[in-house]
Amino acid sequence: MFRTDAPSPAAPVTPHAVGGSDEEFKAALGRLAAGVVLVTAHEPQTDPDAPRGEDAGMTATAFLSVSLDPPLVMVSLRAGSRMDDLLDEQPLWGVSLLARSQRHIAGRFAMRGRVSDRLLFEDLPYRRGAHTGAPLMGGALATLECRTEQRVEAGDHILVIGRVLSADLPSEDGEPLVYFRGKYRALG
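Described below are features of the structure shown in this document.

### Thoughts on unusual backbone geometry
Okay, so step 1: Cis rather than trans, the peptide bond between aspartate 69 and proline 70 has omega equal to 5°.
Okay, so step 2: Mapping proline 70 onto the fold places it in the loop between strand 4 (63–68) and strand 5 (71–78).
Okay, so step 3: In the Ramachandran plot, arginine 181 falls in the positive-phi region, its phi being about 50° despite a non-glycine side chain.
Okay, so step 4: Here arginine 181 shows up in the loop between strand 11 (178–180) and strand 12 (183–185).
Okay, so step 5: For arginine 181, a relative accessible area of 48% corresponds to the partly exposed category.

Here it is in structure tokens:
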């Protein structure tokens, strides 16, 4: 018999994949090929003695188109990361869809314990986005400038949905850089 006055038992919290380990979960999703992008933003100047603010960048493979009308994209950021903190403070950012020849850029901005972002950008060809001021990589297959529309908490990540302010195709030639089974790869 069903009792309405009894408290319902709390559902068990399942922090990991049911029926599998973290390693199995990572291995399964590693079999999903993903394009590689560089997400960038310009941190406004906070020190009045500094000549300008700083640029920040991070490699991402969890990036996708969300909507055509309005034009929206989404990137997944590790909660509490430098890019998450920056995009929480200011809403303008850029995306460079990396070409296969730009594997070194993806690796540089994905390193753990890396040097300052200022040094990471130092010898790379880029232009500043007209709408965002974000660095957009020269030689990228495409570049986008975005303004954050929504931030959604999702486990240990933040999903940032951005409205596309501009899209450019600086390089008609080239193949995309792809990430598959834990390595950067080419199509074919």
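Picking up after the structure, the text goes on.
### Focus: the side chain of aspartate 84
Okay, so step 1: When you line up the elements, aspartate 84 lands in helix 2 (residues 82–89).
Okay, so step 2: The exposure class assigned to aspartate 84 is buried, which follows from its relative accessible area of 5%.
Okay, so step 3: In terms of polar contacts, aspartate 84 uses its side chain to reach the backbone amide nitrogen of glycine 80, at 2.7 Å.
Okay, so step 4: Looking at aspartate 84, its side chain comes within polar contact range of the side chain of arginine 151, at 2.4 Å.
Okay, so step 5: Ignoring anything within four residues of it in the chain, the contact list for aspartate 84 reads Leu77, Arg78, Ala79, Arg151 and Ile158.

Rules behind the numbers
- Residues numbered from 1 in each chain as written.
- Predicted model: local features only at pLDDT ≥ 70, side-chain atom pairs only at ≥ 80, totals over all residues.
- Heavy atoms only, no water.
- Helix = DSSP H or I, 4+ residues; strand = E, 2+ residues; numbered from the N terminus.
- Buried < 20%, exposed > 50% of the residue type's maximum accessible area, 1.4 Å probe, protein only.
- Polar contact = N/O pair within 3.5 Å; in protein donor to acceptor, adjacent residues only side chain to side chain.
- Contact = heavy atoms within 4.5 Å.

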